[in-house]
Amino acid sequence: MPKTELPDPRVSPRFAGVATFCRYPLLDAVCATSRPVDWAIFGVPFDSGVTYRPGARFGPRAIRDASQYVKRFHMEFDVDVCEVLSLADAGDAPVKPYGIKDTLDGVAAWARAIGDPARTKLLAVGGDHSIAYANLRATWERRGKPKDGLGLLHFDSHLDTVDAVWGERWGHASPFIRAIEDGLVDPKAMLSMGVKGPLNSRSDLDFARTRGVSVVTYEDCFRGGQQIIREFRERLAGRETYLSFDIDVVDPAFAPGTGTPSVGGFTSAEVLALLRSFRGVEIVGADVVEVLPDRDPGGVTSLLAAHVMFEVLALDAWKRVHGGHAHDAQGRCLA
Ligand code: MN
Ligand code: MN
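1. Points about the sheet that holds strand β7 (residues 185-195)
Sheet strands pair via backbone hydrogen bonds, and the direction of the pair is either parallel or antiparallel.
No. 1: Spatially, the eight strands line up as an open sheet ordered β4-β1-β5-β10-β9-β6-β7-β8, and their pairing is parallel. In the strand order of this sheet, the two ends are held by β4 (87-92) and β8 (214-217), each with one partner. Ignoring strand direction, the axes of neighbouring strands in this sheet form an average angle of 15°.
No. 2: Pairing of strand β5 (residues 121-126) with strand β10 (residues 282-289), which is carried by four bridges, proceeds in the parallel orientation. Across the sheet, residue Leu-123 finds its bridge partner in β10, namely Ala-286.
No. 3: Along the sheet, helix α2 (residues 59-66) makes contact with β1 (39-44), β4 and β5, crossing β5 at roughly 110°.
No. 4: Contacts from helix α5 (residues 131-142) reach β1, β5, β6 (150-155), β7, β9 (240-246) and β10 within the one sheet, and its direction differs from that of β5 by about 175°.

2. Here we look at the coordination of the manganese ion (ligand 1)
No. 1: Around the manganese ion (ligand 1), the protein contributes the donor atoms His-129 (ND1), Asp-156 (OD), Asp-160 (OD) and Asp-246 (OD), which lie 2.1 to 2.2 Å from the metal centre.
No. 2: Donor residues binding the manganese ion (ligand 1) come from one chain and are separated in sequence as H-x26-D-x3-D-x85-D.
No. 3: Here the manganese ion (ligand 1) and the manganese ion (ligand 2) are spaced 3.2 Å apart, with Asp-156 acting as a shared donor. You can see Asp-156 sitting in the loop between β6 and α6 (175-181) and its partner Asp-246 sitting in strand β9, a full 90 residues away along the chain.
No. 4: For Asp-156, a relative accessible area of 0% corresponds to the buried category.
No. 5: Its relative accessible area of 2% is what places Asp-246 among the buried residues.

3. Description of the pairing of β8
No. 1: Taking every second residue as pointing to the same face, the buried face of β8 carries Ser-214 and Val-216, while none of Val-215 and Thr-217 on the other face is buried.
No. 2: The pairing of β7 with β8 spans four bridges and is classified as parallel. Each residue of the ladder has a partner; that of Ser-192, found in β8, is Val-215.
No. 3: What joins β7 to β8 is helix α7 (residues 206-211), and the crossover it makes is right-handed.

4. Here we look at the coordination of the manganese ion (ligand 2)
No. 1: At this site the manganese ion (ligand 2) is bound by Asp-156 (OD), His-158 (ND1), Asp-246 (OD), Asp-248 (OD) and Asp-248 (OD), with donor distances of 2.1 to 2.5 Å.
No. 2: Look at where the donors of the manganese ion (ligand 2) fall in the sequence and you get D-x1-H-x87-D-x1-D.
No. 3: The partly exposed category is assigned to His-158, whose relative accessible area is 26%.

5. A closer look at the packing of aromatic side chains
No. 1: All told, the structure shown has seven aromatic pairs when counted by the stated rule.
No. 2: Taking 6.3 Å as the distance between ring centres and 55° as the angle between the ring planes, the aromatic pair formed by Phe-77 and Trp-318 counts as tilted. Linking Phe-77 in the loop between β2 (73-74) and β3 (79-80) with Trp-318 in helix α11 (residues 300-322), this pair joins segments that are 241 residues apart in sequence. Trp-318 shares its class with Phe-77; the two are buried.
No. 3: Seen in terms of ring centroids, Phe-155 and Phe-278 are 5.9 Å apart; in terms of plane orientation they differ by 80°. Their pairing is edge-to-face. Note that Phe-155 is positioned in strand β6 and Phe-278 in the loop between α10 (268-276) and β10, a separation of 123 residues in sequence.
No. 4: For Phe-278, a relative accessible area of 1% translates into the label buried.
No. 5: Of the aromatic side chains, those joined through ring pairs into one cluster are Phe-155, Phe-245 and Phe-278.

6. What about the packing of α10 against α11?
No. 1: Two elements in contact, α10 and α11, have axes separated by 10 Å at closest approach and are oriented at 15°. Relative to α11, α10 is oriented roughly parallel. The chirality of how α10 crosses α11 is right-handed. Counted together, Ser-268, Leu-272, Leu-275 and Arg-276 of α10 and Leu-304, Val-308, Glu-311 and Leu-315 of α11 form the full contact between these two elements.
No. 2: Its residues assigned to classes, the contact of α10 with α11 shows five nonpolar, one polar and two charged.

7. Some remarks on the pattern of salt bridges
No. 1: The tally for this structure, following the rule as stated, stands at 23 salt bridges.
No. 2: Among the salt bridges present, the one from Glu-5 reaches Arg-35, with a minimum N-O distance of 3.0 Å. Of this pair, Glu-5 sits in the segment before α1 (27-32) while Arg-35 sits in the loop between α1 and β1, placing them 30 residues apart in sequence.
No. 3: Given the relative accessible area of 46%, Glu-5 is considered partly exposed.
No. 4: The class for Arg-35 is partly exposed, based on a relative accessible area of 22%.
No. 5: Note that Lys-121 is salt-bridged to Asp-316, the shortest N-O span being 3.0 Å. A residue pair is termed long-range when its members are at least 10 positions apart, and Lys-121 in strand β5 and Asp-316 in helix α11 qualify at 195 residues.

The rules behind these values
Residues numbered from 1 in each chain as written. Chains lettered and ligands numbered in written order. Predicted model: local features only at pLDDT ≥ 70, side-chain atom pairs only at ≥ 80, totals over all residues. Heavy atoms only, no water. Pairing = 2+ DSSP bridges. Helix = DSSP H or I, 4+ residues; strand = E, 2+ residues; numbered from the N terminus. Axes fitted to C-alpha atoms, helices over the stretch in contact; angles between N-to-C directions. Contact = heavy atoms within 4.5 Å. Donors = N, O, S within 2.8 Å, 3.2 Å for Na, K, Ca; no water. Buried < 20%, exposed > 50% of the residue type's maximum accessible area, 1.4 Å probe, protein only. Right-handed = clockwise from strand over helix to strand, strands pointing away. Phe/Tyr/Trp six-rings, centres within 6.5 Å; stacked < 30°, edge-to-face > 60°. Parallel < 35°, antiparallel > 145°, perpendicular 65-115°, else oblique. Left-handed = near helix turned anticlockwise from the far one by under 90°. Nonpolar A, V, L, I, M, F, W, Y, C, P; charged D, E, K, R; others polar. Salt bridge = Lys/Arg side-chain N within 4 Å of Asp/Glu carboxyl O.

So far we have only geometry, and geometry alone does not tell us how the molecule works.
What follows is the structure, given as structure tokens:
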């Protein structure tokens, strides 16, 4: 029996029924059967942390809708994600649109109690990037508050380590400076991938540099990306790692529906391949953020975000199938 039971699309069409993430069952329904849940996926419809264009509060609804066409069998990994993982849609976290810190505290408290804290991993779907702090905090606490903090794979055009904007310390430019200050993330085990300029000033890089965060620009990826990925995968070996994916890391030609677009960058295909190259890393929590449906002609950004969610789940499924075996540069299992 598969770990996640989905409606058969040949019987119940993908365009029918109430839209949950990827048609996964609702968490309450899975819990009622006493089945364990490996990943709880939840929306955080919140965008009061933005510095530019608002609208990401509508992200979870648009991504649920777009995800109806996400299928279950991963061809590159040769794995049926629903056979390996028990997955559920936990609904939306409570938000307070007029209060950023209030919302983050509330989301973290709500997420802390979802499913089985010792087993169920959390995938948050934003919302703007401020919400990453809340899911990071909940994940860190559920993993037993590791003293050294979690590793972090951060895909983004931006560094998100600004101390404050307009006097606000919890906005979407600041989740990782707060997470590092609070010990949730080990900066030396943090990789910010796909960063691109222009920046406000050279000093925007200071925090990351002085704390030892690895910053890999989009251009760097072409000047030795495989080597960087290999080294980082080795550094994260045995390390519990959180994955944070800001959709604006993708070129706005492919993902226009986002609030702080940065031109140039990964194509959809490149970013999916990049995610897959991190197979073997122990992912213990994740988020996909910054989708802005009102700026998303054709729904292409939501569709990509839904597939990024699936790739994150597939990384975990691959890891469970292949265990802790050593891998070659392409991530192939050597055992
Ligand atoms: Mn971001
Ligand atoms: Mn960004």
